[in-house]
Amino acid sequence: MNTPAHIIINMLCLGRQDTSSILTPVIIGALLPDAPMFVFYFVEKVIKGTPEMTIWREAYHQENWQNFIDIFNSIPLIVFGLVLTGWLGSQIGIVFFSSMFLHIVGDFPLHHNDAHRHFFPFSNWRFQSPVSYWDPNHYGTIVTILEILAVIISCVVLVQSYQSMTGRISVGLIGVSYLAYFIYVFTVWV
């Protein structure tokens, strides 16, 4: 799934309480597994000036980048963080790592050629799903439509259930970032 979709769906699943003490770790936890991708893309595109096709066909598959990306998508490390923060009694930590875990659960069945090593650093195994969230050769068009519908429905439900302006603004900003992502995709990648 695309990052804003992870965030809004995690808010629906874990952040139904309209308080910043819950929403902040949900949002950060949903964002963190994809954060290395933003760093990767910024370094390759902006700093190095790597052409778009080279970024995704070559640079993305370099070992150092894969290690950096996959450490943030590691189920064992996330579960360790969840268990540790549970043992310490940290509600913020539990919500944060639960949000990271939910992100991974959402990604697991939706990556084909770009599958993560979800058991890294203990294993290099990748589950290459027959379904991709973006690749039309692997049902990406259908998944994209379903994702868009899930985001719209989640945004409507959350805006109606949140009472605070902060909660509603958060939903609005994530919705706008989701729209901005698609505008970028259609102007740069298509």
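Before reading further, recall that the structure is shown in the block above.
For clarity, every value in this text was computed on a predicted model and none was experimentally measured.

**Q** Can you walk me through the overall build of the chain in this structure?
**A** Of the regular secondary structure elements, the chain holds nine helices and zero strands. For the chain, the sequential pattern of α-helices and β-strands runs α-α-α-α-α-α-α-α-α. Its C-alpha atoms give the chain a radius of gyration of 17 Å, within 12% of the compact-globule value 16 Å for 190 residues. Dimensions of the chain along its principal axes, counting C-alpha atoms only, are 45 × 40 × 35 Å. Put simply, the chain has 190 residues, and 42% of those count as buried. Looking at the chain alone, contacts between residues at least 24 apart form 57% of all its contacts between residues at least 6 apart. Counting only carbon and sulfur atoms, one obtains 71% of the accessible surface of the chain, whose full area is about 10200 Å². Across the chain, the 7 positively charged side chains and the 11 negatively charged ones have centroids separated by 3 Å.

**Q** Just to check I follow, could you spell out unusual backbone geometry for this structure?
**A** A negative phi angle is the norm for most residues apart from glycine, just as the trans form is the norm for most peptide bonds. Residue Pro121 follows Phe120 across a cis peptide bond; omega there is 10°. Looking at the element boundaries, Pro121 is found in the loop between helix 7 (91-107) and helix 8 (140-161). For Tyr139, which is not glycine, the phi dihedral falls at a positive 70°. Residue placement: Tyr139 occurs in the loop between helix 7 and helix 8.

**Q** I would appreciate a short explanation of helix 7 in the present structure.
**A** At 3.6 residues per turn, the α-helix brings residues three or four places apart onto the same side. Between its terminal C-alpha atoms helix 7 stretches 24 Å, which fits the 24 Å expected from 17 residues at 1.5 Å a residue. Looking only at helix 7, the buried set comprises Gly93, Val95, Phe96, Phe97, Ser99, Met100, His103, Ile104, Gly106 and Asp107. Where helix 7 is buried, its residues touch helix 1 (3-14), helix 2 (20-31) and helix 6 (75-88).

**Q** Mind showing me how you'd approach the side chain of Glu52 here?
**A** With respect to the helices and strands, the residue Glu52 is situated in helix 4 (residues 52-57). A polar side-chain atom of Glu52 sits 2.8 Å from a polar atom in the side chain of Lys45.

**Q** Would you mind showing me how to read the pattern of salt bridges here?
**A** Opposite charge on two side chains makes pairing possible when the charged atoms of those side chains draw close. In the structure shown here, the tally under the stated rule is four salt bridges. Here Lys48 makes a salt bridge to Glu44, at a shortest N to O gap of 3.4 Å. On the basis of relative accessible area, Lys48 is assigned to the exposed category, the value being 53%. Ionic contacts of the salt-bridge type, sharing partners, join the residues Asp70, Arg117 and Arg126 into one network.

**Q** In this structure, what is going on with the packing of helix 3 (residues 35-47) against helix 5 (residues 63-71)? I would like to understand it.
**A** How two helices sit against one another is set out by the angle between their axes and by the gap between those axes. In contact at an axis separation of 9 Å, helix 3 and helix 5 are set at 150° when each is read in the N-to-C sense. When the axes of helix 3 and helix 5 are compared, the pair comes out roughly antiparallel. Of the residues in helix 5, those in contact with Pro36, Met37, Val39, Phe40, Val43 and Glu44 of helix 3 are Trp65, Phe68 and Ile69. Here the residues of the contact of helix 3 with helix 5 sort into eight nonpolar, no polar and one charged.

**Q** What should I look at first to understand the side chain of His103 in this one?
**A** Structurally, His103 can be placed in helix 7. A polar side-chain atom of His103 sits 3.3 Å from a polar atom in the side chain of Asp34. When near neighbours in sequence (up to four residues on either side) are disregarded, His103 contacts His6, Asn10, Ala30, Pro33 and Asp34.

**Q** Help me out: how do you make sense of the nonpolar core in this one?
**A** One broad rule of soluble globular proteins: the nonpolar side chains tend to lie buried together. Grouped together as the largest cluster of nonpolar side chains are 22 residues, with contacts concentrated most on Ile8, Met11, Val151, Leu158, Tyr162 and Val171. Of all the secondary-structure elements, those providing two or more residues to this core are helix 1, helix 2, helix 8 and helix 9 (165-189). By residue number, the principal contributor to this core is helix 1, which donates five residues. Every residue in contact with Met11, bar those within four places of it in the chain, is listed here: Arg16, Leu23, Val26, Ile27, Leu158, Tyr162, Ser170, Val171 and Ile174. Core analysis: the second largest hydrophobic core is formed by nine residues, Phe40, Tyr41, Val43 and Ala59 among them.

Reading the values: rules and limits
Residues numbered from 1 in each chain as written. Predicted model: local features only at pLDDT ≥ 70, side-chain atom pairs only at ≥ 80, totals over all residues. Heavy atoms only, no water. Helix = DSSP H or I, 4+ residues; strand = E, 2+ residues; numbered from the N terminus. Rg over C-alpha atoms; globule rule 2.2 N^0.38 Å. Buried < 20%, exposed > 50% of the residue type's maximum accessible area, 1.4 Å probe, protein only. Contact = heavy atoms within 4.5 Å. Areas by Shrake-Rupley, 256 points an atom, 1.4 Å probe, with all protein chains shown as cover. Lys, Arg positive; Asp, Glu negative; His and termini not counted. Charge placed at Lys NZ, Arg CZ, Asp CG, Glu CD. Expected span 1.5 Å × (residues − 1). Polar contact = N/O pair within 3.5 Å; in protein donor to acceptor, adjacent residues only side chain to side chain. Salt bridge = Lys/Arg side-chain N within 4 Å of Asp/Glu carboxyl O. Axes fitted to C-alpha atoms, helices over the stretch in contact; angles between N-to-C directions. Parallel < 35°, antiparallel > 145°, perpendicular 65-115°, else oblique. Nonpolar A, V, L, I, M, F, W, Y, C, P; charged D, E, K, R; others polar. Core = buried A, V, L, I, M, F, W, Y, C linked by side-chain atoms within 4.5 Å.

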